[in-house]
Amino acid sequence: DAGITQSPRHKVTETGTPVTLRCHQTENHRYMYWYRQDPGHGLRLIHYSYGVKDTDKGEVSDGYSVSRSKTEDFLLTLESATSSQTSVYFCAISYRGTGELFFGEGSRLTVL
Amino acid sequence: DQQVKQNSPSLSVQEGRISILNCDYTNSMFDYFLWYKKYPAEGPTFLISISSIKDKNEDGRFTVFLNKSAKHLSLHIVPSQPGDSAVYFCAATDTDKLIFGTGTRLQVFP
């Protein structure tokens, strides 16, 4: 198993509150990704990182920000959560940035 | 606009028969295609991949076919087993990220 842990695994919050999800890896992989999974939409890329302090937007980045201050941690922040951000969030890592990704177990977020 | 599409949301196959999962894409610049398998409450796991310069890749019971002229790839599982019941995502590489399809739920029944 790739060494990826996501926290928290489950969270319920209220609209308008800030939320931060953490992804931690022990593999020293350069690339890290945040995806969300929703019925009918599959997996959609939110943001990704190709190195410390190097990040870029994915296809559904509005309402989300990320930070990567060290290789092993990639944080996803919802500054003001909305009900449309209720989803399962997956972190993934990759050594090369193409091809195979290793995924975490997911973080289920419910915004009431 | 969905660059990677899986038009069948679900597929039901009898154990021992062949499962064929399909995927279409729009971007001819994709250079690598992958299939992922996902069980409930778990993260997706890599299954098999194919480079755009090939038209077939086989790994045990799993074979992926790529038809570049049609911008179509398929995953064949032979023989299908109950443990193959899961959601299958196809994906394509776009520079340094993966673009996923919407997924097909495969159910293999006895």
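See the structure printed just above.
Keep in mind the model is a prediction, meaning the values are calculated, not measured. (Residues numbered from 1 in each chain as written. Chains lettered and ligands numbered in written order. Predicted model: local features only at pLDDT ≥ 70, side-chain atom pairs only at ≥ 80, totals over all residues. Heavy atoms only, no water.)

(A) Structural view of unusual backbone geometry. A cis amide bond links serine 7 of chain A to the next residue, proline 8 of chain A, at an omega of -10 degrees. Look at the link from valine 78 of chain B to proline 79 of chain B: it is a cis peptide, with omega at -10 degrees. Relative to the helices and strands, proline 79 of chain B resides in the loop between β8 (72-77) and β9 (86-94). With phi around 60 degrees, asparagine 28 of chain A is a residue other than glycine that occupies positive phi space. Its relative accessible area of 59% is what places asparagine 28 of chain A among the exposed residues. (Helix = DSSP H or I, 4+ residues; strand = E, 2+ residues; numbered from the N terminus. Buried < 20%, exposed > 50% of the residue type's maximum accessible area, 1.4 Å probe, protein only.)

(B) Structural context of the interface of chain B and chain A. Taken together, the 19 residues of chain B in the interface contact 22 residues of chain A. Joining chain B to chain A, the criterion identifies zero salt bridges. Here chain B and chain A share four residue pairs in polar contact (both at pLDDT 80 or more) between them. Residues that form the side of chain B that touches chain A fall into these classes: 10 nonpolar, five polar and four charged. (Contact = heavy atoms within 4.5 Å. Salt bridge = Lys/Arg side-chain N within 4 Å of Asp/Glu carboxyl O. Polar contact = N/O pair within 3.5 Å; in protein donor to acceptor, adjacent residues only side chain to side chain. Nonpolar A, V, L, I, M, F, W, Y, C, P; charged D, E, K, R; others polar.)

(C) Quick look at the nonpolar core. Judged by nonpolar contacts, the single largest core of 24 residues is most densely connected at Phe33, Trp35, Leu73, Leu75 and Tyr88 of chain B. Of all elements in the fold, only β3 (19-25), β4 (32-38), β5 (45-51), β7 (62-67), β8, β9 and β11 (104-109) of chain B reach the threshold of two or more residues within this core. Discounting chain neighbours no more than four positions away, the residues touching tyrosine 88 of chain B are Gln6, Leu21, Trp35, Tyr36, Lys37, Leu47, Leu75, Ile77, Gly103, Thr104 and Leu106 of chain B. Ranked by size, the runner-up nonpolar core spans 19 residues in total, among them Cys23, Tyr64, Leu76 and Tyr89 of chain A. (Core = buried A, V, L, I, M, F, W, Y, C linked by side-chain atoms within 4.5 Å.)

(D) Expanded view of the pattern of salt bridges. In the structure shown here, the tally under the stated rule is seven salt bridges over all chains. Arginine 9 of chain A is paired through a salt bridge with glutamate 105 of chain A; the nearest N and O atoms lie 2.9 Å apart. Here arginine 9 of chain A, found in the loop between β1 (4-7) and β2 (10-13), pairs with glutamate 105 of chain A, found in the loop between β10 (102-103) and β11 (107-111); they are 96 residues apart in sequence, far enough to count as distant. Ionic pairing is found between lysine 37 of chain B and aspartate 84 of chain B, a salt bridge with its closest N-O pair at 4.0 Å. With lysine 37 of chain B in strand β4 and aspartate 84 of chain B in the loop between β8 and β9, this pair connects stretches of sequence that are 47 residues apart. Aspartate 84 of chain B shares its class with lysine 37 of chain B; the two are buried. Among the charged side chains, a network of salt bridges with common partners joins Arg22, Lys70 and Asp73 of chain A.

(E) Representation of the state of the cysteines. Following the criterion strictly, the structure yields two disulfides over all chains and no others. Disulfide pairing places cysteine 23 of chain A opposite cysteine 91 of chain A at an S-S distance of 1.9 Å. With the S-S bond torsion at -70 degrees, the cross-link from cysteine 23 of chain A to cysteine 91 of chain A turns out left-handed. Taken together, the residues span a long stretch of sequence, with cysteine 23 of chain A in strand β3 (residues 19-25) and cysteine 91 of chain A in strand β9 (residues 87-94) at a distance of 68 residues. For cysteine 23 of chain A, a relative accessible area of 0% puts it in the buried group. Residue cysteine 23 of chain B pairs covalently with cysteine 90 of chain B via a disulfide, S to S 1.9 Å. Looking along the S-S bond of the cysteine 23 of chain B-cysteine 90 of chain B disulfide, the torsion reads about 65 degrees, which is the right-handed sense. A residue pair is termed long-range when its members are at least 10 positions apart, and cysteine 23 of chain B in strand β3 and cysteine 90 of chain B in strand β9 qualify at 67 residues. On the basis of relative accessible area, cysteine 90 of chain B is assigned to the buried category, the value being 0%. (Disulfide = S-S within 2.5 Å.)

(F) The arrangement of a nonpolar patch on the surface in detail. Residue and element names in this part refer to chain B. On the surface, a cluster of nonpolar side chains totalling about 230 Å² of accessible area is made up of Ile18, Ile20 and Val78. Considering the arrangement of structural elements, one finds isoleucine 18 in the loop between β2 (10-14) and β3. A residue is classified by how much of its surface remains accessible, and isoleucine 18, at 41% relative accessible area, is partly exposed. (Patch = residues over 30% accessible without salt bridge, like charges linked within 9 Å, V, L, I, M, F, W, Y side chains within 5 Å. Areas by Shrake-Rupley, 256 points an atom, 1.4 Å probe, with all protein chains shown as cover.)

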